Amino acid sequence: MEPTLTFFSGFGVNDLWFLGEAALRTMWISVLSISLGTVIGVLFGWLLYEGKLTAALTVAPVLDVFRSVPLIIQLVLFYNFAPIVGLNLDAFASGVVILTIYTAALVANVARGGIEAVDTSMRRAARSLGMTYWQDLRHVVLPIGGRAVFPAWVGVALGVMKDSALVSVLGYVELLKASQILITRTQEPFLILSVAGAFYFALSYPISRYAASLEKRWAQ
Amino acid sequence: MIEIRDLHKYFGALHVLKGIDLEVQKGEVLSVIGASGSGKSTLLYCINGLEVIQQGSVAVDETDVHAKGTDINKLRQKLGMVFQQWNSFPHLTALENVALAPKIVKGKSRAEAREIAAKQLAHVGLGEKLDVYPSALSGGQQQRLAIARALAMEPEYMLFDEATSALDPELVGEVLDTMRLLAEEGMTMICVTHEMGFARDVSDRVAFFHQGVMEEIGPPEQIFGNAKSEHTRKFLANVR
């Protein structure tokens, strides 16, 4: 008997490494997008709070678009249309750009809520001590408002981390894309998706635990 | 000296202060009494520039508070203010609450700022509570913390905006005692208050505000014993 030529082979230790590497890529693209998006989002949130009318007419509608259109559509549109305007970005860079804007759009509202959570009277007390507008923002509004909306921000961050799976449609080999590749080869979707799910869990669980312990400490 | 000349303040169409003229000398304790909405709290906010004014002028030691070129943040260091809500910074201990402004506004070193803070907290009777967070303090203690926080900037004037109004009745006394202590030490104070006993016993002068107008000002004996204005007599008859 001639041995049958097979296209499929089982799930091995090497594949676990392959998934592990992909998990690092998921982590990397998430950390980058969430960090950049948070900084930009806080800036937008401050504009929304402070700029009132101007910001409501300019920033708010743009953010609404990015919050409302499904992420997968944003990714595909951006990746395919950016080259037309001369932006030749690879899958990773396109993913970072869109995830960053998406994060910023979500964080903007969280940040505005944080500023609003600080009583006017509290801010007046700070100003009455001679603090400048910026000192009040930095030393009073940021710590007090930041703590008030921290759980909401963690929710956004974990959500974006999971949503980064959608960058797989652009061909960036993060966790989900890596799983798809392995499934095609091994024909073992149940096992591989379970392992990928475990990796996602391993990435988010420490963050939510750490967040919970921080909240507990702040509550005294 | 605080000099207020023909001060008018509007909130939209609402005319809250209708031409106030007032001088407060160094070392004087002035109590401002009157019904809610008579404009007395707004007066304090106009003195330290937390509210803009529409007409007239306010000068603190001959510096115009509302002039364009005035460094308001610098000027506010002279004017300590205590609010109805005590507004302790919840994320900082009592000591850090008081040390924050000396450190970031006056640029004191950390050690120096903490030393000033400990001194002022002891001054208001919170020497035992340095490392306690505000959430573990009573309303009266938090209000004394707010007084210490203002004093740490070494102000020359203290403005009290109904400092005891939000407190449970049994906690009012400790805050009034602290205010009395400051008055005895010679601090210049403007106290918007509903505590008639305090106004009568501690003030050098008492001003009665009625619907945005300063109806009457004079020594406590005059206001409480022999008020000229009909409105003053009516108000005092109702609060007692």
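Residues numbered from 1 in each chain as written. Chains lettered and ligands numbered in written order. Predicted model: local features only at pLDDT ≥ 70, side-chain atom pairs only at ≥ 80, totals over all residues. Heavy atoms only, no water.

*Asks:* Before we go on, may I ask you to explain the overall build of chain A in this structure?
*Replies:* Across its full length, chain A carries eight helices and zero strands. Reading chain A from its N terminus to its C terminus gives the helix and strand order α-α-α-α-α-α-α-α. Expected size for 220 residues packed as a compact globule is a radius of gyration near 17 Å; at 22 Å, chain A overshoots this value by more than 25%. Seen along its three principal axes, the alpha-carbon backbone of chain A occupies a region of about 90 × 50 × 20 Å. (Helix = DSSP H or I, 4+ residues; strand = E, 2+ residues; numbered from the N terminus. Rg over C-alpha atoms; globule rule 2.2 N^0.38 Å.)

*Asks:* How should the overall build of chain B be read in this particular structure?
*Replies:* On a plain count of helices and strands, chain B comes out with nine helices and ten strands. At 18 Å, chain B has a C-alpha radius of gyration in line with the 18 Å of a compact globule built from 240 residues. Taking the principal axes of the C-alpha coordinates as reference, chain B spans close to 55 × 45 × 30 Å. A buried classification covers 56% of the 240 residues belonging to chain B. (Buried < 20%, exposed > 50% of the residue type's maximum accessible area, 1.4 Å probe, protein only.)

*Asks:* Explain the interface of chain A and chain B to me, please; I cannot follow it from the model alone.
*Replies:* A common way to express how large an interface is: the accessible area buried when the components associate. Counting residues at the interface gives 18 residues for chain A and 25 residues for chain B. A combined buried area of about 1900 Å² lies between chain A and chain B, and 61% of that area is made up of carbon and sulfur atoms. At the surface where chain A touches chain B, the tally comes to one salt bridge. The closest approach of N and O atoms between R124(A) and E51(B), which form a salt bridge, is 2.6 Å. Here chain A and chain B share eight residue pairs in polar contact (both at pLDDT 80 or more) between them. Broken down by element, the side of chain A that touches chain B gets its largest block of residues, seven residues, from helix α5 (residues 120–128) of chain A. Grouping the constituent residues of the side of chain A that touches chain B by class yields eight nonpolar, seven polar and three charged. (Contact = heavy atoms within 4.5 Å. Buried area = accessible area lost by both parts, 1.4 Å probe. Salt bridge = Lys/Arg side-chain N within 4 Å of Asp/Glu carboxyl O. Polar contact = N/O pair within 3.5 Å; in protein donor to acceptor, adjacent residues only side chain to side chain. Nonpolar A, V, L, I, M, F, W, Y, C, P; charged D, E, K, R; others polar.)

*Asks:* Honestly, the pairing of strand β7 (residues 157–161) of chain B in this entry has me stumped. Any pointers?
*Replies:* If a strand is regular, its side chains alternate between the two faces of the sheet. Residues and elements named next belong to chain B. With five of its five residues buried, β7 lies for the most part within the structure. Neither face of β7 is exposed, since Y157, L159 and D161 on one face and M158 and F160 on the opposite face are all buried. Relative to β7, strand β6 (residues 79–82) runs parallel, the two sharing four bridges. The residue of β7 that forms the bridge with V82 is F160. When β7 meets strand β8 (residues 188–192), the two strands line up parallel, connected through five bridges. If you follow D161 over to β8, its bridge partner there is V192. The parallel pair β7 and β8, bridged by helix α6 (residues 169–184), forms a crossover whose chirality is right-handed. (Pairing = 2+ DSSP bridges. Right-handed = clockwise from strand over helix to strand, strands pointing away.)

*Asks:* Teacher, can you tell me more about the confidence of the model for chain B here?
*Replies:* Across chain B, the average pLDDT comes to 94, with 100% of residues at or above 70. Here helix α9 (residues 230–239) of chain B stands out as the least confident element of chain B, with mean pLDDT 91; helix α3 (residues 94–104) of chain B is the most confident, with 97. (pLDDT = per-residue confidence, 0-100.)

*Asks:* Honestly, the sheet that holds strand β5 (residues 63–64) of chain B in this entry has me stumped. Any pointers?
*Replies:* Residue and element names in this part refer to chain B. Ordered by their spatial adjacency, four strands build an open sheet running β2-β1-β4-β5, and the pairing between neighbours is antiparallel. Two strands bound the open sheet, and with one partner strand each, they are β2 (14–24) and β5. Of the pairings in the sheet, the one linking strand β4 (residues 55–60) to β5 comprises two bridges and is antiparallel in character. Bridge assignment links V60 to a residue of β5, and that residue is T63. With respect to the sheet, helix α1 (residues 40–47) is in contact with β1 (2–11), β2 and β4, its orientation differing from that of β1 by roughly 115°. (Axes fitted to C-alpha atoms, helices over the stretch in contact; angles between N-to-C directions.)

*Asks:* When you look at the packing of aromatic side chains in this model, what are you seeing that I'm missing?
*Replies:* What characterises a pair of aromatic rings is the spacing of the ring centres plus the angle enclosed by the ring planes. Residues and elements named next belong to chain A. Under the criterion given, the structure shown has eight aromatic pairs over all chains. With a centroid separation of 5.7 Å and an interplanar angle of 45°, the aromatic rings of W46 and W134 are classed as tilted. Here the residue W46 occupies a position in helix α1 (residues 13–51), and W134 occupies one in helix α6 (residues 133–163), the gap between them amounting to 88 residues. We classify W46 as partly exposed; its relative accessible area is 24%. Relative to Y205, the ring of F201 has its centre 5.0 Å away and its plane inclined at 20°; by these criteria the two rings are stacked. Linking F201 with Y205, this pair stays in helix α8 (residues 189–218), spanning four residues, or about one helical turn. Relative accessible area serves as the criterion here: at 52%, F201 is assigned to the exposed category. (Phe/Tyr/Trp six-rings, centres within 6.5 Å; stacked < 30°, edge-to-face > 60°.)

*Asks:* How should I be thinking about the pattern of salt bridges in this particular structure?
*Replies:* When the charged atoms of two side chains lie near each other, side chains of opposite charge can form a pair. Residue and element names in this part refer to chain A. Taken as a whole and assessed by the stated rule, the structure comprises 17 salt bridges over all chains. A salt bridge links R185 to D15; the nearest nitrogen and oxygen atoms lie 2.6 Å apart. Taken together, the residues R185 in helix α7 (residues 175–186) and D15 in helix α1 connect sequence positions 170 residues apart. Look at R185 and you get partly exposed, because its relative accessible area is 29%.

*Asks:* Sorry if this is basic, but what is going on with helix α4 (residues 110–123) of chain B here?
*Replies:* For the α-helix, the turn length of 3.6 residues means that residues three or four positions removed from each other point alike. All names here are of chain B. Relative to the 20 Å expected for 14 residues at 1.5 Å per residue, α4 spans 20 Å between its end C-alpha atoms, a close match to the ideal helical length. Within the sequence span of α4, burial applies to A113, I116, A117, Q120 and L121. Buried residues of α4 fall within an arc of 130° about the axis and therefore sit on the same side. For α4, exposure combined with an orientation more than 90 degrees from the buried face picks out A111, E115 and K119. (Expected span 1.5 Å × (residues − 1). Arc of directions from axis to C-beta.)

*Asks:* Quick question: what am I supposed to make of α6(A) here?
*Replies:* Under the 1.5 Å per step criterion, the end-to-end length of α6(A) is only 37 Å for 31 residues, more than 12% shorter than the ideal 45 Å. Along α6(A), the helix axis deviates most sharply at F150(A), where the bend reaches about 55°; the proline P151(A) sits within four residues downstream. (Bend = angle between axes of the 7 residues up to and from the residue.)

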